[in-house]
Amino acid sequence: MTHAELIDRLRRSERQLPPKLFDALVAAGPAIVPELIAVVEGFEDDPSLAPVRAAEVLCEMRAPEAVDALLTTLVESDPLSVIHDRLIACLPKYGPSLLEKAWDQHERTDDDEARASLRAIMATLGVRDARLYDALLADLDVKPDRAAMHLSDYGDAAALPHLLATFDRITLSRDAAFPAGEFVELQGAIQDLGGSLSPAQQRKLDDALRVQRAMYAPLIDSLAEKRPPAIAKAKVGRNDPCPCGSGKKYKKCCLP
């Protein structure tokens, strides 16, 4: 199959690429990379999933000549778009070699969401880097829940005192959509890095969870009322055949 035919089939694939097509694109090697990059770079004018699938193929190939285009697409795409989400997931396949270019992109953009997405990627590369670590810590003052997730992925237990101090510093926001969200993410990161909450901090978390449950209780009750009634199971008598199919009486088989 020619490169043009492969790209055409990629463009016509509405959902997940068929495994054979994906493998054929990867096997095409460096020669097809420019055409895949062109598909990715056209993401703003292409409402299909072709740019997303092309990005996935390039990440699988770990094509070094595609890194700039992939990072630029990440920065320029809507944080809620499919291609943005998939790039966060697949760019870490490049491994430690991605760090410098990702950091350069981080420093060139002033968009907070794009910078956060780049940090999310860099945190998973398994590289200890003072610049990245300082940026992750600084984000604790901006979005504690986001920073906590990234520090958990970064995996350096040296962040524990900072996470614990942030847990102590933040207060419950009853106006937030999820009042316990920041506390839950911080507690998760603390546990992931080998730490634990103090009794006072655990009480703070429990209080936040109680507030959140109380906030959503009316909604949960409303949804429960709208559920179709459960179909009552037929009662099995002690002397009836056991429903497990053993042929024995219920009282001699599965009766508790």
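Residues numbered from 1 in each chain as written. Predicted model: local features only at pLDDT ≥ 70, side-chain atom pairs only at ≥ 80, totals over all residues. Heavy atoms only, no water.

A.B. asks: Would you mind showing me how to read the pattern of salt bridges here?
C.D. replies: Side chains bearing opposite charge may pair, as long as their charged atoms lie close to each other. On inspection of all chains with the given rule, the structure shows 13 salt bridges. Taking the shortest distance from any N to any O, the salt bridge between Lys 93 and Glu 60 comes out at 2.7 Å. One end of the pair, Lys 93, is in the loop between helix H6 (82–90) and helix H7 (99–108); the other, Glu 60, is in helix H4 (residues 50–61), and 33 residues separate them in sequence. Look at Glu 60 and you get partly exposed, because its relative accessible area is 28%. Residue Arg 146 is joined to Asp 112 by a salt bridge in which the shortest nitrogen-to-oxygen separation is 3.2 Å. Placement of the pair is Arg 146 in helix H10 (residues 144–154) and Asp 112 in helix H8 (residues 112–122), with a sequence separation of 34 residues. Exposure remark for Asp 112: the relative accessible area of 37% places this residue in the partly exposed category. (Salt bridge = Lys/Arg side-chain N within 4 Å of Asp/Glu carboxyl O. Helix = DSSP H or I, 4+ residues; strand = E, 2+ residues; numbered from the N terminus. Buried < 20%, exposed > 50% of the residue type's maximum accessible area, 1.4 Å probe, protein only.)

A.B. asks: Which parts of the structure should I look at to understand the packing of helix H1 (residues 3–12) against helix H3 (residues 33–41)?
C.D. replies: Pairs of packed helices are described in terms of their axes, by the angle between the two and the distance that separates them. Axis separation between H1 and H3 bottoms out at 10 Å; the angle between their running directions is 25°. What the angle tells us is that H1 and H3 run roughly parallel. Between H1 and H3 lies a crossing whose hand is right-handed. Residues His 3, Ala 4, Ile 7, Leu 10 and Arg 11 of H1 pack against Glu 35, Leu 36 and Val 39 of H3. Here the contact of H1 with H3 is composed, by residue class, of 5 nonpolar, 1 polar and 2 charged. (Axes fitted to C-alpha atoms, helices over the stretch in contact; angles between N-to-C directions. Parallel < 35°, antiparallel > 145°, perpendicular 65-115°, else oblique. Left-handed = near helix turned anticlockwise from the far one by under 90°. Contact = heavy atoms within 4.5 Å. Nonpolar A, V, L, I, M, F, W, Y, C, P; charged D, E, K, R; others polar.)

A.B. asks: Teacher, can you tell me more about the confidence of the model for the chain here?
C.D. replies: A low pLDDT means the predicted coordinates there should not be read in detail. Mean pLDDT over the chain: 89, with 86% of residues reaching 70 or higher. Scored below 50 in pLDDT, residues 245–251 makes 20 contacts in the model with residues more than four places away or belonging to other chains. (pLDDT = per-residue confidence, 0-100.)

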